[in-house]
Amino acid sequence: MDSAQSAKPPIDIAVGILVDARHRLLIAQRRPGTPGAGFWEFPGGKREGDEPMADCLARELAEEIGVRDCQGETIIRFAHAKGERPVRLHVSRIDAWQGEPEGLEGQELTWVSREELRDYTLLPATDVILNALDLPDRYAITPARSAAEPDAWQAQFDVLLGSGITLLRLRDQGIDDAAYQALASEVIPAAHAQGVRVLVDRSFELCRAVGADGLHWSVARLLQKGRPNLGPGQLLAVSAHTDRDLAMAADRGADFAVLSPVAATATHPGAVPLGWDGWAAARGDHALPVYALGGLGSDDLDVAARHNAQGVAAIRGFWPASRV
Ligand SMILES: Nc1nc2c([nH]c(=O)n2[C@@H]2O[C@H](COP(=O)(O)OP(=O)(O)OP(=O)(O)O)[C@@H](O)[C@H]2O)c(=O)[nH]1
């Protein structure tokens, strides 16, 4: 892409992911003669004038696939310049609609499971959409076991695993790699038994050794090591504090980021809070899902969603109250 093209403002595109009762997704093949011909995509198209994006989505889905009264929610907004010109995708998940989808513009449509989707060649940046679709709205981070009474920590951890959380980062900065590996080997099988995925924040080798579901790294570590060769379904998360951190995380292939702090926190007393406006400005339209972190909990999920967050990440906000 030359500099004249990249300087152009992105074109706003509404994208709708129809999800049926069998959890299958509707994809469409781009027609010959259009940019990206032959690739598969989620239905959608360009905004006309200054129409609200919700109207754009409704119009595009009616024109392209003949469905009406779509009910759903926006899951992510992000920009990319991987095609012929920069675009900003406003992606919604649609769980209910009227009418039977059909390819009204001659495009082929098909319903696919998440597994079958791997057999299709999708437009660039679809991985960002799928991460946003798959990731939960809460990402729990454990307080350090080494700084707690171990039995109390364990009891609280067990409650956390049963609380509906499905993804967590095992964090304990107070112990060396050997002790961390022992801790991870203990807690990961228990988490998996409850359907909870665990990211570890040490080396790729340790991640493999303990059977973790991926890594949570600093931006500095990602820049130093590059994206490790994780297995299918494994995740690479990155801690970000600035707009620039997010740009680097997206560029180096992080699956998601955590941007902090929104508000003041006990664990990072020196950090200057961004506030929601500052958070949203830094989050911008970077091409990856981003959790908001810092003094937040489940009560903040709505405000987070309004600021283009994947959801909320928290230590204290999700950690069950001690019973001892
Ligand atoms: N619909 C859709 N477009 C996407 C996705 N990902 C992505 O990069 N895009 C880009 O967004 C743009 C959509 O433009 P489009 O040509 O389909 O829009 P449209 O239906 O209004 O087309 P028209 O100009 O023929 O009326 C394309 O540049 C396409 O490459 C996706 O998942 N779905």
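The name given to the protein in an unreviewed UniProt entry is 8-oxo-dGTP diphosphatase, with Salinisphaera dokdonensis CL-ES53 as the source organism. Entered under Sequence similarities (unreviewed entry) in the UniProt record, the comment concerning the protein runs "Belongs to the Nudix hydrolase family." You can read under Cofactor (unreviewed entry) in the UniProt record for the protein the words "Mg(2+)".

We now examine the sheet that holds strand β1 (residues 11–18). Taken together, the four strands give an open sheet; going across it, the order is β4-β1-β6-β5, and neighbouring strands pair in mixed fashion. Bordering the open sheet on either side are β4 (44–46) and β5 (68–80), each of which pairs with just one other strand. Ignoring which end each strand starts from, the neighbouring axes of this sheet average 20° apart. As judged from the three bridges shared by β1 and β4, these two strands associate in the antiparallel manner. Each bridged residue has a counterpart across the sheet, and for V15 the counterpart in β4 is G44. Seen against the sheet, helix α2 (residues 53–65) touches β1, β4, β5 and β6 (87–98) and runs at an angle of roughly 60° to β1. Relative to β5, helix α3 (residues 126–134) is tilted by about 125°, and along the sheet it contacts β1, β5 and β6.

Buried within helix α9 (residues 275–283) are the following residues: W276, W279, A282 and R283. The buried residues of α9 occupy an angular sector of 130° when projected down its axis, which confines them to one face. What points out from α9, more than 90 degrees from its buried face, is the exposed set D277 and A281. Looking at the buried residues of α9, the elements they touch are β5, α8 (243–251), β13 (256–259), β14 (290–293) and α10 (301–306). Looking one or two residues beyond α9, the residue adopting positive phi is G284, at roughly 50°.

Its location among the elements puts S260 in the loop between β13 and α9. The contact partners of S260, leaving out residues within four places of it in the chain, are A240, H241, L274 and L293.

Time to look at unusual backbone geometry. Note the cis peptide between S260 and P261, where omega equals -5°. Relative to the elements of secondary structure, P261 occurs in the loop between β13 and α9. Phi is positive for D69, close to 50°, though the residue is something other than glycine. Along the polypeptide, D69 turns up in strand β5. Despite not being glycine, A125 shows a phi value in the positive range, around 80°. In this fold, A125 is placed in the loop between β7 (109–112) and α3. Among the residues examined, A125 registers a relative accessible area of 5% and is labelled buried.

What counts and what doesn't
- The numbering scheme is per chain: residues are counted from 1 as the chain's sequence reads.
- In keeping with the predicted nature of the model, local features appear solely for residues at pLDDT of at least 70, side-chain atom pairs appear and are counted solely at 80 or more, and the whole-chain, interface and lining totals rest on all residues.
- Hydrogens and water molecules were not included; the side-chain quantities draw on all heavy atoms of the structure.
- UniProt positions are given in the numbering used here, feature names are shortened, and annotations may be inferred rather than shown by experiment.
- When DSSP locates at least two bridges between a pair of strands, those strands are taken to pair.
- Numbering of helices and strands runs from the N terminus, with a helix taken as a DSSP run of H or I at least four residues long and a strand as a DSSP run of E at least two residues long.
- Here an axis means a line fitted to C-alpha atoms, over the contact stretch when the element is a helix, while the angle between two N-to-C directions is reported on a 0 to 180 degree scale.
- Residues count as neighbours in contact if any of their non-hydrogen atoms are within 4.5 Å of one another.
- Accessible area is worked out with a 1.4 Å probe on protein chains only. A residue is then buried under 20% of its type maximum, exposed over 50%, and partly exposed in between.
- An arc is given here, and it is the one of the directions from the helix axis to the C-beta atoms.

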